[in-house]
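A closer look at the structure
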Amino acid sequence: MSSAAIFPQRSSKDPSSPGVRIWNSLILSFAGHVKPNGETIGDPKNVFLTNVAKTYGWKPKCEPFELLPLIITDWYQKTAIFELPDDIKNYLVDISDPEYPELSELKLSGMRFLQLVP
């Protein structure tokens, strides 16, 4: 699975100038939910982005490995969310190691592929 998106750079001199903004730092990332007692479910670094998605109408299940929708602001400064299709979840794998069976008890998940960043 590969993709590319190319947009003109926003002007740093005029932050209000039109341009496209993709809020997600990664296309596939896990949501972060804060429970009333302060405990975080999911990825703590994505709590802010999770709350932004909720503001735009996302109805999460509040599960530990819940994929965030894409959040995109278009040329006209209209922001929308785009939920990922269910079959994308096939890219999630359970993390385990036969030499360390206790690792499975942590119930960790990850992506089937790595993201390469230059």
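Preceding this section is the structure that the text describes.
One structure accompanies this document, and this report is about it.

Topic: unusual backbone geometry
Positive phi is not limited to glycine here, since cysteine 62 has a value of about 60°. By secondary structure assignment, the location of cysteine 62 is in the loop between helix 1 (47–55) and strand 4 (70–73). The backbone of glutamine 77 sits at a positive phi, close to 65°, despite the residue not being glycine. Note on placement: glutamine 77 falls in the loop between strand 4 and strand 5 (79–82). Glutamine 77 sits in the partly exposed class, given a relative accessible area of 40%.

Description of the sheet that holds strand 5
An order of 1-4-5 is seen for the 3 strands of this open sheet, with the pairing classed as antiparallel. Each having just a single partner strand, strand 1 (21–22) and strand 5 make up the two edges of the open sheet. Alignment of strand 4 against strand 5, held across 4 bridges, turns out to be antiparallel. Paired with leucine 70 across the two strands is phenylalanine 82, which belongs to strand 5.

Describing the environment of valine 20
In this fold, valine 20 is placed in the segment before strand 1. It is 9.5 Å that separates the C-alpha atoms of valine 20 and lysine 78, two residues lying 58 residues apart in sequence.

Some thoughts on the pattern of salt bridges
In this structure the tally under the stated criterion is 2 salt bridges. With a closest N to O distance of 3.1 Å, aspartate 43 and lysine 45 form a salt bridge. Residue aspartate 43 is classed as buried on the basis of its relative accessible area of 18%.

About the criteria used
- Residues numbered from 1 in each chain as written.
- Predicted model: local features only at pLDDT ≥ 70, side-chain atom pairs only at ≥ 80, totals over all residues.
- Heavy atoms only, no water.
- Helix = DSSP H or I, 4+ residues; strand = E, 2+ residues; numbered from the N terminus.
- Buried < 20%, exposed > 50% of the residue type's maximum accessible area, 1.4 Å probe, protein only.
- Pairing = 2+ DSSP bridges.
- Salt bridge = Lys/Arg side-chain N within 4 Å of Asp/Glu carboxyl O.

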